[in-house]
Amino acid sequence: MIRGAVIDDANHLAELMKTLGYPATENEMRQRLEVILPHEDFKTFVYDSTEGVIGMIGMSFSYAYHTDSPHVRVIAFVVDREHQGEGVGRLLMREAEHWSEVKGAKTIQLNSGNRKEREVTHKIYEGFGFVGKATGFYKKL
């Protein structure tokens with residue numbers, strides 16, 4: 001079942017962040033959720049199974065300077081390794097698309113690392129209808 005995330009999902013989301021390669025403690029995730037969840041332009045959906053939360057998608061809605069069309073950016077999207085290939089990601093993405101349409105977004109964007117181990121994931125994104133068009137640049141402050 002897909003539902004909105006709640007603070008008490010922090011332990012499951014911390015585990016899922018490890019799958020993405022971003023280790024987090026339950027307390028760190030709880031603090032992040034306390035900041036993110038109250039904002040109406042952010043949304044986090046989880047896939048809750050009989051085994052607990054096994055997938056999540058977190059995103060933000062925003063406007064842009066270069067176009068009149070608002071967009072949603074997927075910030076985190078992950079399914080537990082043991083449940084990949086079961087359609088959980090597709091269901092989460094559909095829910096994200098629905099939320100994006102309700103918010104008035106015209107596109108959904110996401111970033112994914114240009115690493116060999118991400119090539120399979122890139123094929124999945126292409127299967128969802130995404131097109132690789134940009135290179136991201138990052139600078140730590």
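In this text, all values refer to a predicted model and were calculated from it rather than measured experimentally.

A word on the side chain of Thr-44
Tracing the chain through its elements places Thr-44 in strand 2 (residues 42–49). With relative accessibility at 8%, the residue Thr-44 sits in the buried group. In contact with Thr-44, other than residues within four places in its own chain, are Arg-3, Gly-4, Ala-5, Ile-36, Leu-37, Met-56, Ile-57 and Gly-58.

Here we look at helix 1 (residues 10–20)
Every buried residue of helix 1 is accounted for by Ala-10, Leu-13, Ala-14, Leu-16, Met-17 and Thr-19. Looking one or two residues past helix 1, Gly-21 carries a phi angle of roughly 95°, positive in sign.

Some remarks on helix 3 (residues 88–103)
Over its 16 residues, helix 3 extends 23 Å from the first C-alpha to the last, a length consistent with the 22 Å expected when each residue adds 1.5 Å. Taken as a whole, helix 3 has its buried residues at Val-88, Gly-89, Leu-92, Met-93, Ala-96, Trp-99 and Ser-100. In an axial view of helix 3, the angular spread of the buried residues amounts to 125°, which keeps them on one side of the axis. Helix 3 presents Glu-101 and Val-102 as exposed residues on the side facing more than 90 degrees away from its buried surface. Check the buried side of helix 3 and you find it contacts strand 1 (2–4), strand 2, strand 3 (52–62), strand 4 (71–79) and strand 5 (107–110).

Concerning the pattern of salt bridges
For the coordinates displayed, the defined rule picks out six salt bridges. Between Asp-48 and Arg-3 there is a salt bridge, and its shortest N-O distance comes to 3.1 Å. In this pair, Asp-48 is assigned in strand 2 and Arg-3 in strand 1, connecting sequence segments 45 residues apart. Classification of Asp-48 as partly exposed rests on a relative accessible area of 22%. Accessibility expressed as a relative area gives 21% for Arg-3, which makes it partly exposed. A salt bridge links Arg-30 to Glu-26, with the nearest nitrogen and oxygen atoms 3.5 Å apart. Residue Arg-30 and its partner Glu-26 are located together in helix 2 (residues 26–36), separated by four residues, close to a single helical turn. Residue classification places Arg-30 among the partly exposed positions, given a relative accessible area of 23%. Judged by its relative accessible area of 39%, Glu-26 falls in the partly exposed class. Ionic contacts of the salt-bridge type, sharing partners, join the residues Arg-3, Asp-9 and Asp-48 into one network.

Digging into the packing of helix 1 against helix 2
Running from N to C, helix 1 and helix 2 cross one another at 110°; their axes reach a closest spacing of 8 Å. Taken together, the axis directions place helix 1 and helix 2 in an arrangement best described as roughly perpendicular. Facing Ala-10, Asn-11, Leu-13, Ala-14 and Met-17 of helix 1, the residues of helix 2 in contact are Glu-26, Met-29, Arg-30 and Leu-33. By residue class, the composition of the contact of helix 1 with helix 2 is six nonpolar, one polar and two charged.

Thresholds, definitions, all that
- Residues numbered from 1 in each chain as written.
- Predicted model: local features only at pLDDT ≥ 70, side-chain atom pairs only at ≥ 80, totals over all residues.
- Heavy atoms only, no water.
- Helix = DSSP H or I, 4+ residues; strand = E, 2+ residues; numbered from the N terminus.
- Buried < 20%, exposed > 50% of the residue type's maximum accessible area, 1.4 Å probe, protein only.
- Contact = heavy atoms within 4.5 Å.
- Expected span 1.5 Å × (residues − 1).
- Arc of directions from axis to C-beta.
- Salt bridge = Lys/Arg side-chain N within 4 Å of Asp/Glu carboxyl O.
- Axes fitted to C-alpha atoms, helices over the stretch in contact; angles between N-to-C directions.
- Parallel < 35°, antiparallel > 145°, perpendicular 65-115°, else oblique.
- Nonpolar A, V, L, I, M, F, W, Y, C, P; charged D, E, K, R; others polar.

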